[in-house]
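Structural characterization, general
Single-letter residue listing:
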Amino acid sequence: MAKIGIFDSGYGGLTILEAIRKELPEYDYLYLGDNARAPYGTHSFDVIYRYTLQAVKYLFEQECALVILACNTASAKALRTIQQRDLPPMNKPIPDPSLKGNGCLPVNVLGVIRPTVEAVPGITKTGHVGILATPATVSSESYVLELNKISENLPSLQGGAGGRLFISQQACPMWVPLIEAGEHHSDGAKFFVGKYLREILSKDPQIDTLVLGCTHYPLLKEKIEGWLRYHEEIEESEFPVAIHTEHIQIISQGTLVAESLKDYLKRHPEYREQLSLGGTCAYLTTENANRFAQSASIFLSAPVSAEHIDLE
Ligand code: DGL
């Protein structure tokens, strides 16, 4: 029987894992954080693709039938190539009579960008949307491309924006390193939250919806809300015109990805039927296992133990 693999460069995917386990507690999960090589978001396409493929192959070897790339950077840079080039040979029937059916069990890899993008038109009223993400996700333009694709088919948005979306992006290169270092409650984090929010709102002061396009960022949500709702640290003089930020909606991905996976499993019994129903979760990391377990326990508010692995 098979498990569901959840992969991220580090701790961020835990925000997705938590939401998935809440929605689908019956399955067995295997979490893999490539903490030793995080952050991915400042690496080139080739490196992100290579690291992600190594992780996906590793999870398949551990009997995962489905792997969720709980990482926007990996979803933006590696998902399509893995789905189109690497997965088909893995799904080829092999002549092994001990295996059921056509001789092989199907495997698949799913990302986090599409389920997030699908929620945006239902949330924005003005059509002015901001994407906060890693430098790699921003440069891939994945959010812009997917949002534009989706908005072509929209008759009009709630607020009558005529189906048009106005998308601004902001790379936040300091946020993941701060979270990986456990510094997300610090004054340094507060400073960098203000810095990137100021930058994106200077690009488009009419933004009414901000997408947290990195699975690490929900760990900064309180600080982001503090800045937007209570104007912590905002100096109005830094904006050309006074802007209001209290109404801005923040989209984080956990629930969206969890609901999308639930729907996927409903539509794909070939995966659902191979999944074991133990309700367990094991944790793997490329970093020191104790260090991972300690930080993960804080993020998940529950004790976990972890095992160290090497990816190559
Ligand atoms: N959680 C990853 C994401 O969603 C962070 C990437 C990184 O390691 O920079 O993009």
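Below or above, wherever it landed, is the structure these notes cover. Since we're looking at a predicted model, the values are computed, not measured.

On to the site of the ligand, then. Neighbouring the ligand are 13 residues; Ser9, Tyr40, Thr73, Thr215 and His216 lie closest to it. Taking threonine 215, its side chain carries an N or O atom lying 2.7 Å from a nitrogen atom of the ligand. The side chain of histidine 216 places a nitrogen or oxygen atom 2.7 Å from a nitrogen atom of the ligand. Look at the ligand: alone it shows 290 Å² of surface, and the protein chains cover 99% of it. When the residues that make up the shell around the ligand are grouped by side-chain class, the tally is five nonpolar, seven polar and one charged.

When helix α4 (residues 79–90) is considered as a whole, its buried residues turn out to be Leu79, Ile82, Asp86 and Leu87. Buried residues along α4 cover an arc of 100° about the axis, so they all sit on one side. Those residues of α4 that are exposed and angled more than 90 degrees off the buried face are Arg80, Gln84 and Arg85. In the core, the buried residues of α4 are packed alongside α2 (45–61), β3 (64–69), α3 (72–77) and β4 (108–110).

Residue position: glutamine 170 is located in strand β6 (residues 166–171). C-alpha separation for the pair glutamine 170 and leucine 132, spaced 38 residues apart in sequence, amounts to 5.0 Å. Sequence-distant contacts of glutamine 170, that is, excluding residues within four places in its chain, are made with Ile131, Leu132, Ala133, Val138, Tyr196, Glu199, Ile200 and Lys203. A polar contact is formed between the side chain of glutamine 170 and the side chain of lysine 203, at a distance of 2.7 Å.

At a closest axis distance of 12 Å, the pairing of α2 and α4 adopts a crossing angle of 35°. The handedness of the crossing between α2 and α4 is right-handed. Packed against α2, whose contacting residues are Phe45, Tyr49, Thr52, Leu53, Val56, Lys57 and Phe60, the element α4 presents Thr81, Ile82, Arg85, Asp86, Leu87 and Met90 at the interface. Here the contact of α2 with α4 is built from residues that sort into eight nonpolar, two polar and three charged.

Per the counting criterion, the structure on display carries 13 aromatic pairs. Against the face of tyrosine 51 rests arginine 37, its NZ or CZ located 3.6 Å from the ring centre.

Relative to the assigned elements, threonine 52 resides in helix α2. Take threonine 52: its relative accessible area is 0%, and that puts it in the buried class. Residues in contact with threonine 52, not counting those within four places in the same chain, are Phe7, Tyr40, Leu69, Ala74, Ala78 and Ile82.

This part is about the pairing of strand β2 (residues 29–33). Judged by how many residues are buried, β2 sits mostly within the fold: five of five residues are covered. Of the two faces of β2, the one lined by Tyr29, Tyr31 and Gly33 and the one lined by Leu30 and Leu32 are each fully buried. Sheet topology note: the strand β1 (residues 3–8)/β2 ladder contains five bridges and is parallel. Looking across to β2, one finds that glycine 5 is bridged to leucine 30. As for the winding sense of the linkage, the β-α-β connection from β1 through helix α1 (residues 13–23) to β2 is right-handed. Pairing geometry for β2 and strand β9 (residues 281–285), over five bridges, is parallel. Each bridged residue has a counterpart across the sheet, and for tyrosine 31 the counterpart in β9 is tyrosine 283.

Definitions and limits used
- Residues numbered from 1 in each chain as written.
- Predicted model: local features only at pLDDT ≥ 70, side-chain atom pairs only at ≥ 80, totals over all residues.
- Heavy atoms only, no water.
- Near = heavy atom within 4 Å.
- Polar contact = N/O pair within 3.5 Å; in protein donor to acceptor, adjacent residues only side chain to side chain.
- Areas by Shrake-Rupley, 256 points an atom, 1.4 Å probe, with all protein chains shown as cover.
- Nonpolar A, V, L, I, M, F, W, Y, C, P; charged D, E, K, R; others polar.
- Buried < 20%, exposed > 50% of the residue type's maximum accessible area, 1.4 Å probe, protein only.
- Helix = DSSP H or I, 4+ residues; strand = E, 2+ residues; numbered from the N terminus.
- Arc of directions from axis to C-beta.
- Contact = heavy atoms within 4.5 Å.
- Axes fitted to C-alpha atoms, helices over the stretch in contact; angles between N-to-C directions.
- Left-handed = near helix turned anticlockwise from the far one by under 90°.
- Phe/Tyr/Trp six-rings, centres within 6.5 Å; stacked < 30°, edge-to-face > 60°.
- Lys NZ or Arg CZ within 6 Å of the ring centre and 35° of its normal.
- Pairing = 2+ DSSP bridges.
- Right-handed = clockwise from strand over helix to strand, strands pointing away.

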